[in-house]
Amino acid sequence: MKKVEAIIRKSKFDEVKKALHEIEVNFFSYWDVTGVGNEKQGHIYRGIAYSTSDIQRRFLVIVVSDNFLDRTVQTLLDSAYTGNVGDGKIVISEVLDVYRIRTRENGQAGID
Amino acid sequence: MDTATFTANNVWMMVCTALVFFMHSGFAFLEIGLTRQKNTINILFKNIFIITVGLLMYFGWGFNLMYPGEFNGWLGFSGFGLDMDPTGATIAYAEGKYTYWTDFLFQGMFAATAGTIVSGAVAERIRIGPFMVFIILYVGLIYPIVGSWQWGEGFLYSLGGDGAGFYDFAGSTLVHSVGGWGALIAIWLLGPRIGKFGEHGKSNAIPGHNIPLATAGVLILWLGWFGFNGGSVLSADPARTSLVLTTTSLAAAAGGVAAFLVSTLAYKTYDLTMFLNGILGGLVGITAGADLMSPNEAVLIGLISGAIVVGGISLIDRLKLDDPVGAVTVHLICGIWGTLTVGIFGAMAGGQQFLYQLSGVAAAGIFCVVSAFVIIYGLKKTVGIRVDRQEELEGLDLHEHGMDSYADFRMNQH
């Protein structure tokens, strides 16, 4: 099983969520984070103009079976894409085990 | 005058009293909106302290220090507490314009507003204990003394002989500049917030955490000004009150628009906070002469005030003074400008009057600068006026109050 972590633009989230549901990936968590990187946003406050790369992003964590990994990553890459600097990153790591709390099942049964 | 008119006058004055009182919500919201979440409880505490303690001090001695009756024109006092003579609640007290109680309460609401001006400027880094001491001395003593020189019919009131002298309709100098000078000295002695100024004098933005609340604050202040200026007519005289409300709102609108246009040209972006500060600048600018100006002059005064606000905020910044809410620009600089307009525009315009206005600005300025300096420097050298570094970084709410302003709802922390 693999953990897929994606930092994406907040504005792409609805599209990404819809696309994930379409490939039957129905379970994930997300939270709002601040990302620091190459994209810069210009701000002004009371006459002081400044540009910051601290930008609000959304962070998704999805745990998938190995056979779902490729399609999940491809879907994320397609739906979160804009072509501009700041589209985000996807990180994949190996998962040791997964449990469903309600039934106490683990392993493949934990994420089916 | 008949009792119906007396009643109408007094009712209007009491409504205005309530409107000026409500300005404290406006100040609180504006200050909170333009500062960071971690200091919100502290700012609220300061504002609540000012309106409660300020009013009680005015009751205790402030009213009689500001209106001592017959006195030498510089310093007079007619006793502690409120001592109404038998005609106080009747038509005879003030030619049927209001009663003694209305007089006290209306003026009492004004007294506290001078203190809130300082609270915004020193936000996010002043220790609350010394701040409270400062307010007790500045609102308790300095404000009424300056007020006595003019409204109490002291030396400014009759600079040129009986009744001909300095003129300040609703307090561009007596309220706003008094607060503004205090704010200026305070931020100079206090120093800027950590992170405000970087290397090579670079100025950093410290964005406020609740711009909607700041906007609500400005609109509430504008509403309050209906009472602040409208009540300074000191009666419900239809002609004067309706003119004053007109000039006041026109100046507010013009101030906002001028600040919006100038800041957009200067900074190439639509900055809401400049727009808001411009409205306040226009309001302060018209406050000295709202009853003297024609609507056209009110608009002109407002436009100039708004432009001054944009320039002033930039100037204060370049002087390396940190003013989180623009209090010094709006209240001191526009307060001085508003005071001088009485000699330049309107029914009392003239060279002689301009000199009287200048004298008032100077007298208030010298007294306020010296007294604010003595108080704040004294506090700085004895107990210290500034929170320490860790407190400032983690927030005054946590360290001065042990409280969380948004305990169940936290967005950013920094």
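Relevant structure appears above.
These numbers were taken from a predicted model, which means no experiment stands behind them.

K.L.:
Explanation requested: the overall build of chain B in the structure shown.
P.N.:
Helix and strand content of chain B: 13 helices and 0 strands. Ordered by position in the sequence, the α and β elements of chain B form the string α-α-α-α-α-α-α-α-α-α-α-α-α. A compact globule built from 414 residues would reach a C-alpha radius of gyration of about 22 Å, and chain B, at 21 Å, matches this within 12%. Principal-axis analysis of the C-alpha atoms places the extent of chain B at approximately 65 × 45 × 40 Å. The 414 residues of chain B split such that 58% are buried. Restricting to contacts in chain B with at least 6 residues of sequence separation, those with at least 24 account for 79%.

K.L.:
Teacher, can you tell me more about the sheet that holds strand β3 (residues 48-64) of chain A here?
P.N.:
Strands pair in a sheet through their backbones, by hydrogen bonds, and they do so in one of two ways: parallel or antiparallel. All names here are of chain A. Spatial ordering of the open sheet is given by β2-β3-β1-β4, a layout of 4 strands whose pairing is antiparallel. The open sheet has two free edges, formed respectively by β2 (29-45) and β4 (88-94), since each of these has just one partner strand. Here the strands of the sheet are splayed against their neighbours by 20° on average, with no regard to which way each runs. Relative to β3, β2 runs antiparallel, the two being bridged by 13 bridges. Paired with Gln-41 across the strands is Thr-52, a residue of β3. Its contacts with the sheet put helix α2 (residues 69-79) on β1 (2-9), β3 and β4, and the angle it makes with β1 is roughly 5°.

K.L.:
I tried to follow unusual backbone geometry on my own but got confused; where do I start?
P.N.:
Excluding glycine, residues mostly have negative phi values, and the peptide bonds linking residues are mostly trans. Residues and elements named next belong to chain B. Positive phi outside glycine occurs at Glu-153, with the angle close to 65°. One can find Glu-153 in the loop between α4 (128-150) and α5 (172-190). At Lys-268, a residue that is not glycine, the phi angle is positive and equals roughly 60°. Positionally, Lys-268 belongs in the loop between α7 (238-267) and α8 (272-286). What makes Lys-268 exposed here is the crowd of 11 C-beta atoms within 10 Å.

K.L.:
So what exactly am I meant to see when it comes to the interface of chain A and chain B here?
P.N.:
Note: interface size is frequently given as the accessible area lost on complex formation between the parts. The interface of chain A with chain B comprises 8 residues on the first partner and 12 residues on the second. Elements that contribute at least two residues to the side of chain A that touches chain B include exactly β2 and β3 of chain A. Class assignment of the residues belonging to the side of chain A that touches chain B gives a composition of 5 nonpolar, 2 polar and 1 charged.

K.L.:
When you look at the packing of helix α6 (residues 211-230) of chain B against α8 of chain B in this model, what are you seeing that I'm missing?
P.N.:
Helix-helix packing is described using two parameters, namely the angle between the two axes and the distance between the axes. Residue and element names in this part refer to chain B. With their axes 10 Å apart at the nearest point, α6 and α8 run at an angle of 15° to one another. The pairing of α6 with α8 is recorded here as roughly parallel in orientation. The handedness of the crossing between α6 and α8 is left-handed. Judged by residue contacts, Ile-211, Ala-214, Thr-215, Val-218, Leu-221, Trp-222 and Trp-225 of α6 engage Leu-272, Thr-273, Leu-276, Ile-279, Leu-280 and Leu-283 from α8. Class assignment of the residues belonging to the contact of α6 with α8 gives a composition of 11 nonpolar, 2 polar and no charged.

K.L.:
It is not clear to me how helix α11 (residues 351-382) of chain B should be interpreted in this structure. Could you clarify?
P.N.:
For an α-helix, the turn length of 3.6 residues means that residues three or four places apart are oriented alike. Look at α11 of chain B: 46 Å from first C-alpha to last across 32 residues, which is about the 46 Å you get at 1.5 Å a residue. Gly-384 of chain B occupies a position one or two residues after α11 of chain B and carries a positive phi of about 85°.

K.L.:
Can you help me understand the environment of Thr-34 of chain A in this one?
P.N.:
Residues and elements named next belong to chain A. Looking at the secondary structure, you find Thr-34 in strand β2. Taking the C-alpha atoms as reference, Thr-34 lies 5.6 Å from Arg-57; in sequence the two are 23 residues apart. In this structure, Thr-34 is in contact with Asp-54, Ile-55, Gln-56 and Arg-57, ignoring residues within four places of it in sequence.

K.L.:
Can you help me understand the pairing of β3 of chain A in this one?
P.N.:
Consecutive residues of a regular strand have side chains that alternate between opposite faces of the sheet. Residue and element names in this part refer to chain A. Here β1 pairs with β3 via 8 bridges, running antiparallel. Bridge pairing in β3 places Ala-6 opposite Leu-60. Between β2 and the antiparallel strand that follows it, β3, lie 2 residues; Arg-46 among them carries a positive phi value of about 50°.

K.L.:
Could you clarify how one ought to interpret the environment of Ser-29 of chain A in this entry?
P.N.:
Residue and element names in this part refer to chain A. Turning to its location among the elements, Ser-29 is positioned in strand β2. Taking the number of C-beta atoms within 10 Å as the measure of exposure, Ser-29 has 9 and is therefore exposed. The spacing of Ser-29 and Ala-80 is 51 residues in sequence and 16 Å in space, taken between C-alpha atoms.

Thresholds applied
Residues numbered from 1 in each chain as written. Chains lettered and ligands numbered in written order. Predicted model: local features only at pLDDT ≥ 70, side-chain atom pairs only at ≥ 80, totals over all residues. Helix = DSSP H or I, 4+ residues; strand = E, 2+ residues; numbered from the N terminus. Rg over C-alpha atoms; globule rule 2.2 N^0.38 Å. Buried ≥ 20, exposed ≤ 12 C-beta atoms within 10 Å, placed from the backbone. Contact = placed C-beta atoms within 7 Å. Pairing = 2+ DSSP bridges. Axes fitted to C-alpha atoms, helices over the stretch in contact; angles between N-to-C directions. Nonpolar A, V, L, I, M, F, W, Y, C, P; charged D, E, K, R; others polar. Parallel < 35°, antiparallel > 145°, perpendicular 65-115°, else oblique. Left-handed = near helix turned anticlockwise from the far one by under 90°. Expected span 1.5 Å × (residues − 1).

The values are spatial; any link to function lies outside them.
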